[in-house]
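Understanding the architecture of this molecule
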There are 2 protein chains.
Amino acid sequence: MSIRNGTRALRAIDRHTVAADIVLFTIQDGSLKVLLVRRDRLPFRGRWSLPGGFVRTDESIDEAALRELQEETNIGNVYLEQLYTFGERDRDPRGRVVTVAYYALVHWQQFQVRGKPDGSAAWFAIKRLPELAFDHRRIIDYALERLRNKINYTTVGFQFLPRQFTLTELQRAYEVILEQRLDKRNFRKKMLQLGILKGTGQFNTNGRQRPARVYTFAEPKVIKLQEKGIIVPF
Amino acid sequence: MSIRNGTRALRAIDRHTVAADIVLFTIQDGSLKVLLVRRDRLPFRGRWSLPGGFVRTDESIDEAALRELQEETNIGNVYLEQLYTFGERDRDPRGRVVTVAYYALVHWQQFQVRGKPDGSAAWFAIKRLPELAFDHRRIIDYALERLRNKINYTTVGFQFLPRQFTLTELQRAYEVILEQRLDKRNFRKKMLQLGILKGTGQFNTNGRQRPARVYTFAEPKVIKLQEKGIIVPF
DNA sequence: GACAAAAGTGTAGGGGATACACTATCTTTA
DNA sequence: TAAAGATAGTGTATCCCCTACACTTTTGTC
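Notes on the structure in this doc start here. Computed from a prediction, not measured in an experiment: that's the story for all the values here. (Residues numbered from 1 in each chain as written. Chains lettered and ligands numbered in written order. Predicted model: local features only at pLDDT ≥ 70, side-chain atom pairs only at ≥ 80, totals over all residues. Heavy atoms only, no water.)

1. Notes on the overall build of chain A
When its secondary structure is counted, chain A shows five helices and 12 strands. A fraction of 65% describes how many contacts in chain A between residues 6 or more apart in sequence connect residues 24 or more apart. Total accessible area on chain A stands at roughly 11,100 Å², and carbon and sulfur atoms take up 48% of it. (Helix = DSSP H or I, 4+ residues; strand = E, 2+ residues; numbered from the N terminus. Contact = heavy atoms within 4.5 Å. Areas by Shrake-Rupley, 256 points an atom, 1.4 Å probe, with all protein chains shown as cover.)

2. Let's talk about the protein's contact with DNA strand C
Within the structure, DNA strand C sits among 19 residues, and Thr 168, Lys 184, Gln 209 and Arg 213 of chain A together with Arg 210 of chain B are positioned closest to it. Sugar plus phosphate, as a fraction of atoms of DNA strand C within 4 Å of the protein: 39%. Take Lys 189 of chain B: an N or O atom from its side chain is 3.2 Å from a base oxygen of DNA strand C. Arg 210 of chain B has a polar side-chain atom sitting 3.0 Å from a base nitrogen of DNA strand C. Mapped by element, the contributors of at least two residues to the surface near DNA strand C are helix H5 (184-194) and strand S10 (212-217) of chain A together with helix H5 (184-194) of chain B. Per-element tally for the surface near DNA strand C: the top contributor is H5 of chain A, with five residues. Among the residues making up the surface near DNA strand C, the classes are represented as three nonpolar, five polar and 11 charged. (Near = heavy atom within 4 Å. Polar contact = N/O pair within 3.5 Å; in protein donor to acceptor, adjacent residues only side chain to side chain. Nonpolar A, V, L, I, M, F, W, Y, C, P; charged D, E, K, R; others polar.)

3. Thoughts on the protein's contact with DNA strand D
Close contacts around DNA strand D come from 20 residues, with Arg 210 of chain A together with Lys 184, Arg 188, Gln 209 and Arg 213 of chain B the closest. Taking all atoms of DNA strand D within 4 Å of the protein, the share assigned to sugar and phosphate is 40%. At 3.1 Å, a backbone N or O of Arg 208 of chain A approaches a sugar or linking oxygen of DNA strand D. Between DNA strand D and Arg 210 of chain A there is a distance of 2.7 Å, counted from a base oxygen to a side-chain nitrogen or oxygen. Listing elements by their share of the surface near DNA strand D, those giving two or more residues are H5 of chain A together with H5 and strand S10 (212-217) of chain B. Among the elements that take part in the surface near DNA strand D, H5 of chain B stands out by supplying five residues, more than any other. Counted by class, the surface near DNA strand D contains three nonpolar, five polar and 12 charged residues.

4. Examining the pattern of salt bridges
Residues and elements named next belong to chain A. Tallied over the full model, the rule gives 30 salt bridges over all chains. For Glu 68, the salt bridge is made with Arg 67, and the minimal N-O distance between the two is 3.3 Å. Judged on exposure class, the residue Glu 68 and its partner Arg 67 are both buried. Several salt bridges share partner residues, and in doing so they unite Glu 59, Arg 67, Glu 68 and Glu 71 into one network. (Salt bridge = Lys/Arg side-chain N within 4 Å of Asp/Glu carboxyl O. Buried < 20%, exposed > 50% of the residue type's maximum accessible area, 1.4 Å probe, protein only.)

5. Side note on unusual backbone geometry
Residue Pro 43 of chain A is reached from Leu 42 of chain A by a cis peptide bond, and omega for that bond is -5°. Along the chain, the position of Pro 43 of chain A falls in the loop between strand S2 (31-38) and strand S3 (48-49). The backbone of Glu 179 of chain A sits at a positive phi, close to 55°, despite the residue not being glycine. Looking at the secondary structure, you find Glu 179 of chain A in the loop between helix H4 (167-178) and H5. With phi around 50°, Asp 29 of chain B is a residue other than glycine that occupies positive phi space.

6. Considerations on helix H1 (residues 61-73) of chain B
Residues spaced three or four apart along an α-helix face the same direction, because each turn holds 3.6 residues. Residues and elements named next belong to chain B. Across its 13 residues, H1 extends 18 Å between first and last C-alpha, which sits within 8% of the 18 Å expected from 1.5 Å per residue. All of the buried residues in H1 are Ile 61, Asp 62, Ala 64, Ala 65, Arg 67, Glu 68, Leu 69, Glu 72 and Thr 73. Within two residues after H1, Asn 74 carries a phi angle of roughly 65°, on the positive side. (Expected span 1.5 Å × (residues − 1).)

7. Focus on the packing of helix H4 (residues 167-178) of chain B against H5 of chain B
Residues and elements named next belong to chain B. Where H4 meets H5, the closest approach of the two axes is 11 Å, and the angle between their N-to-C directions is 105°. Judged by the inter-axis angle, H4 sits roughly perpendicular to H5. Two secondary-structure elements touch here, H4 through Leu 167, Thr 168, Leu 170, Gln 171 and Tyr 174 and H5 through Lys 184, Phe 187, Arg 188, Met 191 and Leu 192. Residue classes in the contact of H4 with H5 are distributed as six nonpolar, two polar and two charged. (Axes fitted to C-alpha atoms, helices over the stretch in contact; angles between N-to-C directions. Parallel < 35°, antiparallel > 145°, perpendicular 65-115°, else oblique.)

8. A word on the sheet that holds strand S9 (residues 197-204) of chain A
Residue and element names in this part refer to chain A. Spatial strand order, S8-S10-S9: three strands in an open sheet with antiparallel pairing. A strand with exactly one partner marks an edge of an open sheet, and here the two such strands are strand S8 (164-165) and S9. Where S9 lies against S10, five bridges are found, and the strand directions are antiparallel. The partner of Leu 197 across the bridge, within S10, is Phe 217. (Pairing = 2+ DSSP bridges.)

9. With respect to the side chain of Thr 99 of chain A
Residue and element names in this part refer to chain A. The topology assignment puts Thr 99 in strand S6 (residues 97-105). Within the local environment of Thr 99, its side chain forms a polar contact with the side chain of Arg 91, the two groups lying 3.3 Å apart. Beyond its immediate stretch of four places on either side in the chain, Thr 99 contacts Ala 19, Asp 21, Tyr 84, Thr 85, Phe 86, Arg 91 and Ile 139.

10. Considering the side chain of Arg 67 of chain A
On the secondary structure map, Arg 67 of chain A appears in helix H1 (residues 61-73). A distance of 3.3 Å separates the side chain of Arg 67 of chain A from the side chain of Glu 68 of chain A, its partner in a polar contact.

11. Let's talk about the pairing of S10 of chain A
When S8 of chain A meets S10 of chain A, the two strands line up antiparallel, connected through two bridges. Across the sheet, the residue bridging to Gln 164 of chain A is Thr 216 of chain A, located in S10 of chain A.

12. What to know about the sheet that holds S10 of chain B
Pairing in this open sheet of three strands is antiparallel, and the strands run S8-S10-S9 (chain B) from one edge to the other. Sheet topology places strand S8 (164-165) and strand S9 (197-204) of chain B at the edges, where each strand pairs with a single neighbour.

13. Side note on helix H3 (residues 136-150) of chain A
Residues and elements named next belong to chain A. In a regular helix each residue adds 1.5 Å, so 15 residues correspond to 21 Å; H3 covers 21 Å between its end C-alpha atoms and thus fits that length. For H3, the set of buried residues is His 136, Ile 139, Ile 140, Tyr 142, Ala 143, Leu 144, Arg 146, Leu 147 and Lys 150. Looking at the buried positions of H3, the neighbouring elements they touch are strand S1 (15-28), S2, S3, strand S5 (79-86), S6 and H4.

14. Re the packing of aromatic side chains
As enumerated under the stated definition, the model contains 18 aromatic pairs over all chains in all. With 4.8 Å between their ring centres and 65° between their planes, Trp 48 of chain B and Phe 124 of chain B make a pair best called edge-to-face. Remark: Phe 124 of chain B occurs in strand S7 (residues 121-125) and Trp 48 of chain B occurs in strand S3 (residues 48-49); sequence separation between them is 76 residues. Each member of the pair, Trp 48 of chain B together with Phe 124 of chain B, is buried. For the pair Phe 158 of chain B and Phe 165 of chain B, a centre-to-centre distance of 6.0 Å together with 70° between the ring planes defines the contact as edge-to-face. A relative accessible area of 0% means that Phe 158 of chain B is categorised as buried. According to the relative accessible area criterion, Phe 165 of chain B is buried, its value standing at 1%. Among the aromatic side chains, those forming a connected cluster through ring pairs are Tyr 84, Phe 86 and Tyr 142 of chain A. (Phe/Tyr/Trp six-rings, centres within 6.5 Å; stacked < 30°, edge-to-face > 60°.)

Interpretation note: all reported values are geometric properties and have no functional meaning in isolation.
As structure tokens, then:
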């Protein structure tokens, strides 16, 4: 048996099932949440798991991830980035399943408006996850680590906000993700000097206090992040 | 057809072939090189490609990557880290092949001593790559990007050096990877104050000039890197 | 008009990154 | 053995970014 790269013919015995699972984050009620779906079949029937599913042979893995997300949550147009591929031998009792994990960020309203509220899918606070199917807990932990890293040197965090937002809202998002309070003056100084925010001239009068300036993310309509990330319209 | 996560049975029609390909870097003669192997079968017969091969169903992807590397280069004990999974539809003319790409770093002597010099594998300077099979060029570009990023906030760069080295050798490695000259005083200051180098008390008398102090990487025998990375004895 | 609530604003100090040039030590060679 | 060649090795001043820190402004409500 020749083993040099790719010189063996494609053999049925080496076939794997490939899945794409998505860790979909949002911020709701001041806490970071992930979307989970309830499994209605074996294995792990009744357990919560990440949205996702098998990659078909006629689509790329990215396409599969987007499709699954669309099917399970009705959410399109999200920031989606490949996370890591989990390929331990026994991670799926059904057989050889390799999972390409993605993570995605949405503003909570994106889901609440269009999602299905039938109990088969729900947001769970990251601090209070139920027991999960497969190795999904590990995948979430890893996604969380990536998110916390990346928020410090990219603008992924903006994905949690609507198009227009106040600086306080932005700061709250950062605080929730990083699990620490940030200094208001320093935060504002830094954000403003980055040059990626554009004031709209409008003021938010929701509260019963001094109205806050409303900003927009000033980068072009498309967010191109460092490293690999699917480019997504904002 | 139910599409909720994992509720479809494993179906043959969704089966993929999974490959692990490795971008193996080294520094030789003052330039950054990657190991390529020549394909002796279709498709792309005669073209150079990354070492790698199909993942078997009885091994994890990490295991497959290590095994392939071992088989093709006789190199074990390397720093190996998963890079990205490439799953475009038409990336392999034989059919649906998903590649989990890894990258690895070795000191050039590790290979030269034990590798096979029969012309089926060779080091290529990153600046002068031949035309490659599949999308391997893209994989290399991505690995290079990752390497250049990571060298700035981890100690991966040390993998290019033997156990004992001088500060000048270390600096040269960084310069080659980053493709820029570094200031000698600043580089030494920074490295020494990191506290990860230990002087051996020995001096290198190779050259025909003032002998240089010889250092060792002072971290424990095992290198645990940020993010996901296989832990490897140094 | 007083109070509650969040918005908005500036400065001083510390630490790390950068820029920059000369002396020390060894080998080789005349 | 002295000079030349080659690399090792060393310190300081400046700038910028990060941090710590508290009060005034503006609105709505009672």
